[in-house]
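Observations on the three-dimensional arrangement
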Amino acid sequence: MTETLRVPRIVPMLNPIAKRLLAAGAPLGPNGLVTVAGRTSGEPRTTPLAILEIGDRRWIWSPWGDVHWVRNLRAAGAATITVRRRSEEVTATELDRAQRIEFFRDVLGLAARDIPFGRSFIRVVDGTDLDDPIAAAEGRPVFELHPR
């Protein structure tokens, strides 16, 4: 997977704000901080992401394709997630195409139905149509997170 989809202009502007709020422990829905070693420098790189948790399973996904945090996580295979000032070391398993389709159909698609305007929000903000999980899975990496 080498494609990067168009990241909306607002995202780079909002990320520093979200990062500060999340680092301070502010509850911002399913969002948390994901810190991964840089694939070239080895330096820790932190980005705010939605961490979808259902039961005892957790996932993160990239609506904009093969961005830097995806490439870093793919190379490192592990990360630190921080939610409300609580940090945890995790390993990450990237889902294959069939698993991504299942994720968008059976996990994210169902979870979004339980959130008011969830499916619309994901369609507008992330540019992902959950009514078409096959198209949603194309070019959008998904990782399942496991406790280390």
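This is a predicted model, so every value here is computed, not measured. What you see as residue numbers is a count from 1 along each chain, following the sequence as written. This being a predicted model, a pLDDT of at least 70 is required before a residue's local features are given, and a value of 80 or more before pairs of side-chain atoms are given or counted; all residues contribute to the totals for chains, interfaces and linings. Based on all heavy atoms of the structure, the side-chain values leave hydrogens and waters out of the count.

1. Observations regarding the overall build of the protein
A count of helices and strands for the protein gives 5 helices and 7 strands. Starting at the N terminus, the α and β elements of the protein follow one another as α-β-β-β-β-α-β-β-α-α-α-β. For the radius of gyration, the atoms used are the C-alpha atoms, and the globule rule reads 2.2 Å times the number of residues raised to 0.38. Computed over the C-alpha atoms, the radius of gyration of the protein is 14 Å, within 12% of the 15 Å expected from 2.2 N^0.38 for a compact globule of 148 residues. With respect to the three principal axes, the spread of C-alpha positions in the protein is 40 × 35 × 30 Å. Type-normalised accessible area, obtained with a 1.4 Å probe on protein chains alone, sets the label of each residue: buried when under 20%, exposed when over 50%, and partly exposed for intermediate values. Buried residues in the protein amount to 41% of all 148 residues. With an accessible surface of roughly 8500 Å², the protein has 55% of that area assigned to carbon and sulfur atoms. In this count, Lys and Arg are taken as positive residues and Asp and Glu as negative ones, while His and the chain termini are left out. Where a charge lies is defined by one atom per residue type, namely NZ (Lys), CZ (Arg), CG (Asp) and CD (Glu). Taking the 21 positively charged and 18 negatively charged side chains of the protein as two groups, their mean positions are separated by 7 Å. Helix and strand definitions follow DSSP, with helices as H or I runs of at least four residues and strands as E runs of at least two, each counted in order from the N terminus. To be clear on the numbers: accessible area is Shrake-Rupley with a 1.4 Å probe, and residue cover counts the displayed protein chains and nothing else.

2. Thoughts on the pattern of salt bridges
We define a salt bridge as a contact between a side-chain nitrogen of Lys or Arg and a carboxyl oxygen of Asp or Glu at a distance within 4 Å. Per the counting criterion, the structure on display carries 7 salt bridges. The partner of R58 in a salt bridge is E88, and the shortest N-O contact between them spans 2.8 Å. Taken together, the residues span a long stretch of sequence, with R58 in strand 4 (residues 57-61) and E88 in strand 6 (residues 86-94) at a distance of 30 residues. Residue class for R58 comes out buried when judged on its relative accessible area of 10%. With its nearest N and O atoms 3.3 Å apart, the salt bridge here joins E89 to R148. You can see E89 sitting in strand 6 and its partner R148 sitting in the segment after strand 7 (142-147), a full 59 residues away along the chain.

3. A word on helix 1 (residues 10-23)
A helix's residues, less one, multiplied by 1.5 Å, set its expected span. For helix 1, with 14 residues, the first-to-last C-alpha span of 20 Å sits near the 20 Å given by 1.5 Å per residue. One fitted axis covers the seven residues ending at a residue, a second covers the seven starting there, and the bend at that residue is the angle between these axes. Its maximal kink placed at P16, helix 1 deviates by approximately 25 degrees. Looking at the buried side of helix 1, the elements it contacts are strand 1 (31-37) and strand 2 (44-50). Count one or two residues on from helix 1 and you reach G25, which has phi positive near 95 degrees. Note on definitions: a residue-residue contact is assigned when non-hydrogen atoms from the two residues lie within 4.5 Å.

4. A short note on the pairing of strand 5 (residues 78-83)
In regular strands, side chains alternate between the two faces of the sheet. Among the 6 residues that make up strand 5, 5 are buried, leaving the element largely enclosed by the rest of the structure. Each pair of strands is called paired provided DSSP finds at least two bridges between the two strands. As judged from the 3 bridges shared by strand 1 and strand 5, these two strands associate in the antiparallel manner. By the bridge assignment for strand 5, L33 is matched with T82. Where strand 5 lies against strand 6, 6 bridges are found, and the strand directions are antiparallel. When the sheet's bridge partners are listed, T82 is paired in strand 6 with S87. The loop that links strand 5 with its antiparallel partner strand 6 comprises 2 residues; one of these, R84, has a positive phi angle of about 50 degrees.

5. Some remarks on the nonpolar core
The term nonpolar core refers to a set of buried residues drawn from Ala, Val, Leu, Ile, Met, Phe, Trp, Tyr and Cys, joined through side-chain atoms within 4.5 Å. Counting residues in hydrophobic clusters, the biggest one holds 17 residues, and the most contacted among them are V34, I60, W69, L73, F143 and L145. Taken together, the elements giving at least two residues each to this core come down to strand 1, helix 2 (68-76), strand 5, strand 6 and strand 7. At 3 residues, helix 2 tops the list of elements feeding residues into this core. Beyond its immediate stretch of four places on either side in the chain, L145 contacts I51, R58, I60, I81, V90, T91 and A92. One finds F104, V107, L108 and A111 within the second-largest nonpolar core, a separate group that totals 16 residues.

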